[in-house]
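Here are the chains, one letter per residue:
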Amino acid sequence: MRFFLWVLALMATAIGIAVTARFNPGNVVLFYPPYRMDLSLNFFVVLMAALFVLLYAVVRAVRATMRMPARVAEYRQRKRERDGNKGLRDALKALFEGRFGHAEKAALRAAELPENAGVAALIGARAAHRMRQHARRDQWVARIADDPTMKTARLMTMTELLVDDHQPEAALAAVRELNASGTRHIHALQWSLKAEQQAKNWPEVLRLVRSLDKHKALHPALSTRLRELAYTDLLSDKTHDAESLLRVWSTIPAVDRVKPYVACRAATALNARGLHDEARQVAEESLKANWDERVVRAYRDAAAPAGSAALLAQIEHCEAWLVARPNDADLALTLGSLCLKQKLWGKAQRYLEGALSDATDPAMVREAHLKLAQLHEALQQPEEAANHYRQCALATIL
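Residues numbered from 1 in each chain as written. Predicted model: local features only at pLDDT ≥ 70, side-chain atom pairs only at ≥ 80, totals over all residues. Heavy atoms only, no water.

Naming follows an unreviewed UniProt entry, where the protein chain appears as Heme biosynthesis protein HemY of Pseudoduganella plicata. The Function (unreviewed entry) comment attached to the protein chain in UniProt states, word for word, "Involved in a late step of protoheme IX synthesis." (UniProt positions renumbered as here; feature names shortened; annotations may be inferred.)

So this is what it looks like as structure tokens:
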């Protein structure tokens, strides 16, 4: 529609000019003595219009010539930007495809554009790291070491790559530099956790796990596993004496103390250092919150001396628990062992035989036979004792 309107306007203009020129009798005289030139007004108008067009074309040509160097520079800059951006896209694509050699080559092209140099260096560093070219990786990172705008990205990348390369100390140095700049976010905490785990810095692992749990940044199963590993190492450290072990135990939050995997290892470590009273307390508190056979076994190993009020209290606790769990073989074995130590022969025999009938674990069967053999031996019943010793030996062989 617009085209037809333009055609109509041009036709109307042409008709108007033709009609006007036809009935225009005017003349133009150019006089410069002794010369004289007579021109019709129509021709003069046409001549002026042609002269204007010519002058306009000359001016445009001069201006275009003067602007040519700037236009050439702009063209070259656009070409560099095009090539640099294409190299950056190619580098990212090759990195995601796992073609790390191509990614590094494309990153070199992308780095020619100053605006892309930082991101290209990070891509090149990752690609070189995947090819186990650590020297080239460090060279890529060194390119942006003085760029403040890339500091956080550089430190995060180096932390990740150093953790992957099992260099926890260097990774933690990068984390400390990152924290010094005031940057603390979830991803940094996650990589810090991995670095601390590799460095076996278990107290710091526990602190980071608690911090990440507050932000729900760890899967519950992973959080539980990391806590278990940390507490296992802390509580099973053979360099601890009784005092240092109690000091470690005092730093564990109350909510973690009652967890079976913590209580079991704590009670075992306390028993190994002769702290049976503390071991019994730990096991009892844990069993009240969460029943677990491992804690029951540690409670059995923490038996108080014969004839003591503590041993009688243990027996009472176990009898109360057995009412709620009548078929628990571990509990019956524990109660039978405690009664045997207290020389309650009838109860001991009944509970040990009950444990033997419900036991499925070979180690439990072996221990039940051994306890029964000791009981019959104390009762001067050598044949029954010999029979249980024989059964114990067979269970050991099997």
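There is more to say after this.
Right, let's talk about the UniProt feature "transmembrane region" (unreviewed entry) in the protein chain for a bit. The positions UniProt marks with the feature "transmembrane region" (unreviewed entry) are residues 40-59. End C-alpha atoms of residues 40-59 are separated by 28 Å, and the span's content is 95% helix alongside 5% strand. (Helix = DSSP H or I, 4+ residues; strand = E, 2+ residues; numbered from the N terminus.)

This paragraph deals with the nonpolar core. The biggest cluster of nonpolar side chains holds 62 residues, and the ones touching the most others in it are L193, Y231, L235, W249, V262, C318 and L335. There are two domains that each give this core at least three residues, and those are domain 1 (219-302) and domain 2 (308-397). Every residue in contact with C318, bar those within four places of it in the chain, is listed here: Y299, L331, T334, L335 and L338. Membership of the second largest hydrophobic core comes to 32 residues, among which are A107, W140, I144 and L172. (Core = buried A, V, L, I, M, F, W, Y, C linked by side-chain atoms within 4.5 Å. Buried < 20%, exposed > 50% of the residue type's maximum accessible area, 1.4 Å probe, protein only. Domains from an automatic or database assignment. Contact = heavy atoms within 4.5 Å.)

All right, on to the pattern of salt bridges then. Within the structure shown, the criterion is met by 25 salt bridges. A salt bridge links K93 to E97; its shortest N-O distance comes to 2.6 Å. Of this pair, K93 and E97 both sit in helix α2 (residues 41-97), four residues apart, which is roughly one turn of the helix. The partly exposed category is assigned to E97, whose relative accessible area is 40%. Between E204 and R207 there is a salt bridge, with the nearest N and O atoms lying 2.4 Å from each other. Note that E204 and R207 are positioned in helix α9 (residues 202-214) at a spacing of three residues, about one turn of the helix. Relative accessible area serves as the criterion here: at 22%, E204 is assigned to the partly exposed category. Classification of R207 by relative accessible area gives partly exposed; the value is 42%. When salt bridges with common partners are traced through the structure, they connect R130, R132, D164 and D165 into a single cluster. (Salt bridge = Lys/Arg side-chain N within 4 Å of Asp/Glu carboxyl O.)

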